[in-house]
Every structure is written in C-alpha cells, then in structure tokens.
Amino acid sequence: MSNRLPIIPALNDSGIHYYQTYDESLALWPVHYETFYVPTRFGQTHIIASGPKEAPPLILLHGALFSSTMWYPNIADWSSKYRTYAIDIIGDKNKSIPTDLCGTRAGYADWLLDVFDNLGIEKSHLIGLSLGGLHTMNFVLRASERVESAVILSPAETFLSFYQDFYKYALGLIGSNGVENFLNWMMGDRYVLHPNFGKQFYAGVMWQDELRNQKPKADGFPYVFTDDELKSVKAPILLLLGEHEVIYDPHSALHRASTLVPGIEAEIVKNAGHVLSMEQPEYVNERILSFLSK
C-alpha cells in the first residue's frame, strides 16, 4: 500500500481526529489497495485504488459524509473484475483537499474530468450512491463520451425532491443525539454501521472546516433533473432503490426514471433502505457486476 501525499494544510483538532477515524475505517478494506492524490483545478483529490491495473476502470462515488471508505463491503467483488478507483468527492468531508469549492454542476463535472485525465482514463464505468449518484448522473449528462455505463444507487434528489424530513434530520445532525437520530431514521433496525465506520461518520459531522461547510451555489447540489435532461441520457444506466428508502418515495422515483431515461434498467431492492450497498451487499454486488458485464 502506498500513500503519496501532497502538502496538507494544517488541520484543526477535529480534522486530525477525522483523518484518524478515516484510517481506522480503511482497515476494514478486505483487499490490497493503494491511496494517492491527483491534482485538479479545484484541489487535490484523494483516491483508494484496488484491483488489477490492467483491468477495465470502475469509478466509485460515495454518499455525503460517508467518504470512499463506505465501499468496504463491495470492493472485494468489484475489484476482482475491475481496476476500482474510489474517489473522495471534493468539498465533502473526506481526505480530498479543496482549494476552491467548484459548487456548480458544470464545476463538478470539470472536477471529475480532471480526475479522469490525471488517471489516464479515457472511458469508464461509474457507480455512485446518494450524493455520488447525483454526481454520476450529472457527469453522464455533461460528458457521456467518457462513460461506458453508470450505476446509480439511491441518488440524492435526481428524479424527485427530498421529503421535508430529510432536511429536519440533516440539519439536526450536529444537535444532541443528532447522528443517532439521523442513522435510525435512515436505516431503522435493519442495519447498524460498523463501529469503525460509525466513528468516522460522527467525526465527519463534527469536523469544522470552513471551505467544506460552505453553502452550495445557486445551481449546485442537490437538484432534480428536468424531463428533457433525463430524456437526453445516452449511456446505459442501472438504477437501484431500496424498498425502505426514506428521502423520497422510491416507487415514484423509479416510475419517473423508467418513463424518461432511455433504456434504463431500474428496480427496487428488497430489505434495503438508502445505503443499500451496505445493507444488501451480496445482492447489490452481483446485480451490478451482471449489469457492467453486458
């Protein structure tokens, strides 16, 4: 394992603690990996890479506050077939180091294009969950020529607006019992985060970082794509939604996606909620590999 680090700005105590918990979560990674940074116009982007270097590339984009370490239940299966690059989304709580929060839809697409270029990737498969799912659809619409296919898991908005409960629980994260209340709302009694990962999630919520805590710009995330945007999708898409999704009605999201996105494969995953890649990893891993192999 290598860790080619750039010069990291001085971290405050909460940032140092977050980095420590990130490394503890990364100890759950079940296969060989290397970590490194690539430069972009918006700052240094941190990446966890696994799998054979000669295998086809597969980009992974995590959910908000979860970071790339969230893929530990999935990475063994996916990296057996692909060279996986789990990318810490710049501006979120993770190990990427933003110098300028791109903030807009075009900016985030440019950021990911910089990552592709610096990894030497001409075209790739992508998987994104929640915030990462929204980034994935945004990239598909703005750089379809760089996308082999895309898997979108429980995307933030994208097809439907959030329920008001989302804002209630998200805004309450830093309050008393806020993290516990948020996770209970999102996962119910179906799933409990591994203690290492739960500690990292809590540390990310509590990490006070001025740039990462900025409000999004006018056309920044999250948002719902228009009918015309969804009808213009050119890449093959797989959409998976959990039957116990709480951020919006999954059946309505599936209906809108299936109606508008050309050729989309879409389904509701049983016994899963928002973080379905963690809640039902065996099914999700196999379903995605089947889709990617087409």
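Higher on the page you've got the structure.
Sequence order as written defines the numbering, with residues in each chain counted from 1. Totals for whole chains, interfaces and linings use every residue, but because this is a predicted model, local features are given only for residues with pLDDT of at least 70 and side-chain atom pairs only at 80 or more, for both listing and counting. The basis for the side-chain values is all heavy atoms of the structure; hydrogens and waters are excluded.

**Student:** An account of helix H9 (residues 250-260) is needed here, citing residue identities and associated values.
**Tutor:** Think of an α-helix as turning once every 3.6 residues; residues three or four places apart then point the same way. Burial classification: accessible surface area is computed with a 1.4 Å probe over protein chains only, and a residue below 20% of its type maximum counts as buried, one above 50% as exposed, and the rest as partly exposed. Secondary structure elements follow DSSP: runs of H or I of four or more residues count as helices, runs of E of two or more count as strands, with numbering from the N terminus. Among all positions in H9, only Pro-250, Ala-253, Leu-254, Arg-256, Ala-257 and Leu-260 are buried. All buried residues of H9 project into a common sector of 165 degrees when viewed along the axis, lining one side. Seen from the buried face of H9, the exposed residues on the opposite side, beyond 90 degrees, are His-255 and Thr-259. Should any heavy atoms of two residues lie within 4.5 Å, those residues are counted as being in contact. On its buried face, H9 sits against helix H8 (227-231), strand E9 (237-242) and strand E10 (265-269). It is the directions from the helix axis to the C-beta atoms whose arc is reported.

**Student:** Please set out the packing of aromatic side chains residue by residue, giving values where relevant.
**Tutor:** Note on aromatic pairs: the rings of Phe, Tyr and Trp (six-membered ring only in Trp) are paired at centre separations within 6.5 Å, and the planes decide the class, stacked below 30 degrees, edge-to-face beyond 60, tilted for the rest. The tally for this structure, following the rule as stated, stands at 15 aromatic pairs. Relative to Tyr-167, the ring of Phe-162 lies with its centre 5.8 Å away and its plane at 75 degrees, an arrangement referred to as edge-to-face. Given a relative accessible area of 33%, Tyr-167 falls into the partly exposed group. Site record: aromatic cluster; members linked through ring pairs are Phe-66, Tyr-72, Tyr-169, Phe-182, Trp-185, Phe-197 and Phe-201. Any Lys NZ or Arg CZ found within 6 Å of a ring centre and within 35 degrees of that ring's normal is scored as a charge over the ring. Here the basic side chain of Arg-105 rests over the ring of Tyr-223, its NZ or CZ set 3.5 Å away from the ring centre.

**Student:** Tell me about the side chain of Arg-287, and name the residues and values.
**Tutor:** By the element assignment, Arg-287 lies in helix H11 (residues 281-292). The exposure class assigned to Arg-287 is buried, which follows from its relative accessible area of 16%. Polar contacts, as counted here, are pairs of nitrogen or oxygen atoms within 3.5 Å of one another; within protein the pair requires one atom able to donate a hydrogen and one able to accept it, and residues that are adjacent in sequence qualify only if both atoms are side-chain atoms. Separated by 2.7 Å, the side chains of Arg-287 and Glu-267 make a polar contact. Leave out the neighbours within four places in its chain, and Arg-287 touches Leu-238, Leu-240, Glu-265 and Glu-267.

**Student:** So what's going on with the pattern of salt bridges? Which residues, and what values?
**Tutor:** Close approach of charged atoms allows side chains with opposite charge to pair. Each salt bridge in this description consists of a side-chain nitrogen of Lys or Arg and a carboxyl oxygen of Asp or Glu lying within 4 Å of one another. In the structure shown here, the tally under the stated rule is 13 salt bridges. Notably, a salt bridge pairs Asp-110 with Arg-41, separated by 3.7 Å at the nearest N-O pair. Of this pair, Asp-110 sits in helix H3 (residues 105-119) while Arg-41 sits in the loop between strand E2 (34-40) and strand E3 (43-50); the two residues are 69 residues apart in sequence, bridging distant segments of the chain. A relative accessible area of 28% places Asp-110 in the partly exposed class.

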